[in-house]
Amino acid sequence: MYISGDATEEETLRNAGVDTAQGLLACLPDDVDNIFVVLTARGMNKRMKIISKVTHQENINKLSYAGADKVIPIQEIGAHRMVSMMLNPTIIGFLDSISQSGSLQLRFEEVKVPRTFTKEGMSMEALKIPQKTGLIVIATVNDGVNKFNPSASTLVKPGDSLMVLGEHEQVVKLQTLLNAGLED
């Protein structure tokens with residue numbers, strides 16, 4: 001599905017459903033156009049998540065002021081990736097292969113622990129996520145604080161997030177188990 005038109009025009013954004021959208025990616029080639037799109041879209045929908053690319057570092061704050069939740073410096077990210085490929089080719093090759101390995105499609109995903117999950121929380125040991133789903137738990141996130149490689153005693157509570165690596169079906173299984181109270 002797509003809308004053909006000029007994204008800098010409010011009518012085009014309205015036709016695209018921005019006023020009820022959950023998110024918007026502003027990725028036009030010109031920073032000024034992205035600022036205009038973000039400003040207009042934010043005025044139309046205060047609740048949606050807006051992510052914008054930026055070409056020139058000096059425009060990062062302007063996009064944030066205009067209403068972008070996240071601003072991505074594309075050229076900087078590209079430069080970091082190139083340096084990483086030069087200095088750590090095996091690691092970068094591995095990361096590329098796990099996300100594009102033929103029929104095996106590994107994904108790095110965030111799984112939110114539902115508010116209906118046991119209030120006391122459960123330890124990673126009790127959850128047995130790798131055993132029940134086959135997923136690798138990379139980190140837990142509690143109140144915006146990342147805990148990488150969580151230990152068996154790490155407590156998972158309602159509202160936390162789990163950063164996991166695995167196949168889509170495994171992620172769905174974890175979501176189902178968390179919603180059911182992990183009784184499987």
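Residues numbered from 1 in each chain as written. Predicted model: local features only at pLDDT ≥ 70, side-chain atom pairs only at ≥ 80, totals over all residues. Heavy atoms only, no water.

**Side note on the side chain of Ser161**
So the rule is basically this: A helix here means a DSSP run of H or I that spans at least four residues, while a strand means a run of E at least two residues long, and both kinds are numbered starting from the N terminus. Under this definition, polar contacts are N or O atom pairs within 3.5 Å; protein pairs additionally need one hydrogen-donor-capable and one acceptor-capable atom, and for neighbouring residues in sequence, both atoms have to be side-chain atoms. Any pair of residues with heavy atoms lying within 4.5 Å of one another is described as a contacting pair.
Mapping Ser161 onto the fold places it in strand E9 (residues 161–167). At a separation of 2.6 Å, a polar atom in the side chain of Ser161 contacts the side chain of Glu110. Those residues in contact with Ser161 that lie beyond four places of it in its chain are Glu110, Val111, Lys112, Ala139, Thr140 and Val141.

**Observations regarding the pairing of strand E7 (residues 145–148)**
Threshold: The pairing criterion is simple: DSSP has to find at least two bridges between the two strands.
Pairing analysis gives 4 bridges linking strand E6 (residues 136–142) to E7, with the strands arranged antiparallel. By the bridge assignment, Ala139 is partnered in E7 with Phe148.

**Notes on the environment of Thr20**
Definition in use: Throughout this description, buried means an accessible area under 20% of the type-specific maximum (1.4 Å probe, protein chains only), exposed means over 50%, and partly exposed covers the range between.
You can see Thr20 is positioned in the loop between helix H1 (10–15) and strand E1 (23–26). Residue Thr20 is classed as exposed on the basis of its relative accessible area, which comes to 67%. For Thr20 and Met44, which are 24 residues apart along the polypeptide, the C-alpha to C-alpha distance reads 8.6 Å.

**A look at the pattern of salt bridges**
This is how it is decided: For salt bridges, the criterion is a side-chain nitrogen of Lys or Arg within 4 Å of an Asp or Glu carboxyl oxygen.
The tally for this structure, following the rule as stated, stands at 4 salt bridges. For Arg42, the salt bridge goes to Asp69, with nearest N and O atoms at 3.0 Å. Separated by 27 residues along the polypeptide, Arg42 in helix H2 (residues 31–44) and Asp69 in the loop between helix H3 (60–66) and strand E3 (70–73) bring together distant segments of the chain. On the accessibility criterion, Asp69 (42% relative accessible area) is partly exposed. The residue Glu110 makes a salt bridge to Lys112 at a minimum N-O spacing of 3.2 Å.

**Some thoughts on the pairing of E9**
Working note: regular strand, side chains alternate between the two faces of the sheet. With 6 of 7 residues buried, E9 is to be regarded as a mostly interior element. When strand E4 (residues 106–112) meets E9, the two strands line up antiparallel, connected through 7 bridges. Pairing of Phe108 across the sheet is with Leu165, part of E9. Two strands pair when backbone bridges link them, and E6 and E9 are joined in this way by 5 bridges, in the antiparallel orientation. Across the sheet, Ala139 pairs through a bridge with Met163, a residue of E9.

**Considering a nonpolar patch on the surface**
Selection rule: A patch consists of residues whose relative accessible area exceeds 30% and which take part in no salt bridge; residues with like charges are grouped when within 9 Å of each other, and nonpolar side chains (Val, Leu, Ile, Met, Phe, Trp, Tyr) when within 5 Å. Every accessible area reported is derived by Shrake-Rupley at a probe size of 1.4 Å, with residue values counting cover from the shown protein chains alone.
A cluster of nonpolar side chains, Val83, Met86 and Leu87, forms an exposed patch at the surface whose accessible area comes to about 350 Å². Tracing the backbone through its elements, the reader meets Val83 in helix H4 (residues 74–87). Its relative accessible area of 47% is what places Val83 among the partly exposed residues.

**Quick word on the side chain of Arg42**
The class of Arg42 is buried, set by a relative accessible area of 12%. Within the structure, the side chain of Arg42 is placed 3.0 Å from the side chain of Asp69, a separation counted as a polar contact. The contact partners of Arg42, leaving out residues within four places of it in the chain, are Arg47, Met48, Ile50, Ala66, Gly67 and Asp69.

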